[in-house]
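# Architecture and fold: a report
Chain by chain, the residues run as shown.
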Amino acid sequence: MAAYLCPPAVIHGKHAVRTSQIVDEVRGRHPNSAWAPRIDGIAASTGIETRGWMLPLEAAVAPGSGSGLPAAGIGPAREALAGDGFTEQDVDRVITALEAIPAPQTVQERTAPAWSAVQSYGERAARGALQIAGLDAANVDCLITSHSTTPALPGLDVSLANRLPLRSDVLLLPATQWACIAGTRSLALAADLVAADPDRVVLVVIAEALSTTYQPADDTLESLIVRLLFADTAVAAVVTGRPRPESVLRLDAAWHHTLPDTQDLHRLETREDGTHFVMDRRGPRAVQETVTAMWEWLRLRYQDDPGSWHPDVLLAHPGGTRVLEYMEETMPDGWPSGLLRHSRDSYTSGNRGGAAVFDIMRRAYDAGQKAGSRAVLYAAAPGLTATALEGQWL
């Protein structure tokens, strides 16, 4: 399967949003919620103090351009009020009050500026990855893209094909629904593509504005956690079928796993006021099942050398601290501690979704990961589905 990966480019959201800002905003909006007395403890338990967003917090909480007046319009509203016995003076007061109430942002108002940012950030990451690899846009034979939180058609693939620009014969492979497994699954797909043609150059670009799932009106505990977790990031990397001077990681094998009947545990829902990320408390336990299955894949892969093989670094998408803790608790006996240090470091500034594994990889590279180190890359996503890769640092 051997595929060769150059160091990724990582572009963090430029707007630093502090956890204290989110707590203040949520507390002011939902002072009587059941979890309000515990909000400080809940926020502290995430371990995240600041995250980068492509747009400022003010953009997420701003009211929409419409008003609280029903969509039917002023005329029908007046008729309905008059029919209920309101005087003309009362009707005027009610209409004025309704017009003064701001309506939530619409899907378009939430998504349009974020989609613009995703394209801009994606282009910056793509150009950065090509520069790191010592290539230019003319060398790209295939482009794989993912952006789950800003639905658009055409998508990021076509946008980048024009922005960079790419050759007209470049194969474009958009994968907008990969979400949190975009990092590992895009690399697995890229590895298959270069295995079929080792001269191919594959560019992978993932840009996620997860802050679009920040929904001010939601008052559930799960919605509070979503507000606190997510960060916005664009990442990109070049994958080739032959080693290059810039290559830093060889990918040797891939593993995929999907749990049946778990599609409702974590999901995105598009409503009239935008995209909502819906969490289920059973989700972490289901994700843990994919971790157990991954350990079994690695055990079988190295069953002839179980006592002396272990990864030197584990680049695991940190969906949350509970998943990381479970991974450490269930690692095979004899594996060293600290394998998840870069994953934990990445998580301290937010959950980056599909961009997370590339960010973690970049942290390992910047820390000077030694040549010859064995690496395992892992991520799980709504579905629940998971993809892992195993390879060697060059």
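Bear in mind the structure is a predicted one, so any value in this text is a computation, not a measurement.

## Some details on the overall build of the protein chain
The helix and strand inventory of the protein chain stands at 13 helices and 14 strands. Against the globule reference of 21 Å for 394 residues, the protein chain gives a C-alpha radius of gyration of 23 Å, in line with a compact fold. Expressed along its principal axes, the backbone C-alpha trace of the protein chain runs to roughly 85 × 50 × 35 Å. Every one of the 394 residues in the protein chain was classed for burial, and the buried ones make up 55%. Long-range pairs, those at least 24 residues apart, make up 81% of the contacts in the protein chain with a sequence separation of at least 6. Of the roughly 17,000 Å² that the protein chain leaves accessible, carbon and sulfur atoms contribute 51%. The distance from the centre of the 34 positive side-chain charges to the centre of the 46 negative ones in the protein chain is 5 Å.

## What about the pairing of strand β7 (residues 201-209)?
Consecutive side chains of a regular strand alternate in pointing toward one face of the sheet and then the other. Where burial is concerned, most of β7 is hidden: nine out of the nine residues are buried. Where strand β5 (residues 142-146) and β7 come together, five bridges link them in parallel fashion. Of the residues in β7, the one forming a bridge with L143 is L203. Across nine bridges, β7 lies against strand β8 (residues 232-240) in antiparallel orientation. Bridge pairing links L203 to V238 in β8.

## Some details on the side chain of S159
With respect to the helices, strands and loops of the structure, S159 is situated in helix α7 (residues 156-163). Looking at S159, its side chain comes within polar contact range of the side chain of Q119, at 2.8 Å.

## As for the packing of helix α8 (residues 182-196) against helix α13 (residues 356-366)
Contact pair α8 / α13: the axes reach a minimum separation of 6 Å and the direction vectors enclose 85°. Here α8 is positioned roughly perpendicular relative to α13, judged by the angle of their axes. Only V357, F358 and M361 of α13 make contact with α8, whose side of the interface consists of G183, T184, S186 and L187. When the residues that make up the contact of α8 with α13 are grouped by side-chain class, the tally is four nonpolar, three polar and no charged.

## Focus: the pattern of salt bridges
According to the stated counting rule, one finds 21 salt bridges in the structure shown. The salt bridge involving D359 is made with R352; its shortest N-O contact spans 3.5 Å. Owing to a relative accessible area of 4%, R352 belongs among the buried residues under this scheme. The closest approach of N and O atoms between R362 and D366, which form a salt bridge, is 3.1 Å. In this pair, R362 and D366 both sit in helix α13, four residues apart, roughly one turn of the helix.

## Points about the nonpolar core
Of all hydrophobic cores here, the largest spans 39 residues; its most connected members are L187, V202, L249, M361 and L377. In terms of residues, this core owes the most to one element, α8, which gives seven residues. In this structure, I11, A117, Y121 and L164 belong to the second largest nonpolar core, which totals 32 residues.

## Description of the packing of helix α6 (residues 107-133) against α7
Axis separation between α6 and α7 bottoms out at 10 Å; the angle between their running directions is 55°. Classified by the interaxial angle, the pair formed by α6 and α7 is oblique. Considering how the two elements wind past one another, α6 and α7 form a crossing that is right-handed. Contacts between α6 and α7 involve W115, V118, Q119, S120, G122, E123 and R127 on the former and, on the latter, L156, S159, L160 and R163. Residue composition of the contact of α6 with α7, grouped by class: four nonpolar, four polar and three charged.

## Looking at α8
Given 3.6 residues to a turn, an α-helix orients residues that are three or four positions apart in the same direction. Its 15 residues give α8 an end-to-end C-alpha distance of 21 Å, which sits within 8% of 21 Å, the value for a rise of 1.5 Å per residue. Burial runs high along α8: 11 of the 15 residues are buried.

## Focus: the environment of C6
Tracing the backbone through its elements, the reader meets C6 in the loop between β1 (3-5) and β2 (9-12). On the basis of relative accessible area, C6 is assigned to the buried category, the value being 0%.

## Digging into the state of the cysteines
Within the structure shown, the criterion is met by zero disulfides. Unpaired in this structure, C142 has its nearest cysteine sulfur neighbour in C6, at a distance of 15 Å.

Thresholds applied
Residues numbered from 1 in each chain as written. Predicted model: local features only at pLDDT ≥ 70, side-chain atom pairs only at ≥ 80, totals over all residues. Heavy atoms only, no water. Helix = DSSP H or I, 4+ residues; strand = E, 2+ residues; numbered from the N terminus. Rg over C-alpha atoms; globule rule 2.2 N^0.38 Å. Buried < 20%, exposed > 50% of the residue type's maximum accessible area, 1.4 Å probe, protein only. Contact = heavy atoms within 4.5 Å. Areas by Shrake-Rupley, 256 points an atom, 1.4 Å probe, with all protein chains shown as cover. Lys, Arg positive; Asp, Glu negative; His and termini not counted. Charge placed at Lys NZ, Arg CZ, Asp CG, Glu CD. Pairing = 2+ DSSP bridges. Polar contact = N/O pair within 3.5 Å; in protein donor to acceptor, adjacent residues only side chain to side chain. Axes fitted to C-alpha atoms, helices over the stretch in contact; angles between N-to-C directions. Parallel < 35°, antiparallel > 145°, perpendicular 65-115°, else oblique. Nonpolar A, V, L, I, M, F, W, Y, C, P; charged D, E, K, R; others polar. Salt bridge = Lys/Arg side-chain N within 4 Å of Asp/Glu carboxyl O. Core = buried A, V, L, I, M, F, W, Y, C linked by side-chain atoms within 4.5 Å. Left-handed = near helix turned anticlockwise from the far one by under 90°. Expected span 1.5 Å × (residues − 1). Disulfide = S-S within 2.5 Å.

It is worth stressing that arrangement in space is one thing and function is another; only the former is reported here.
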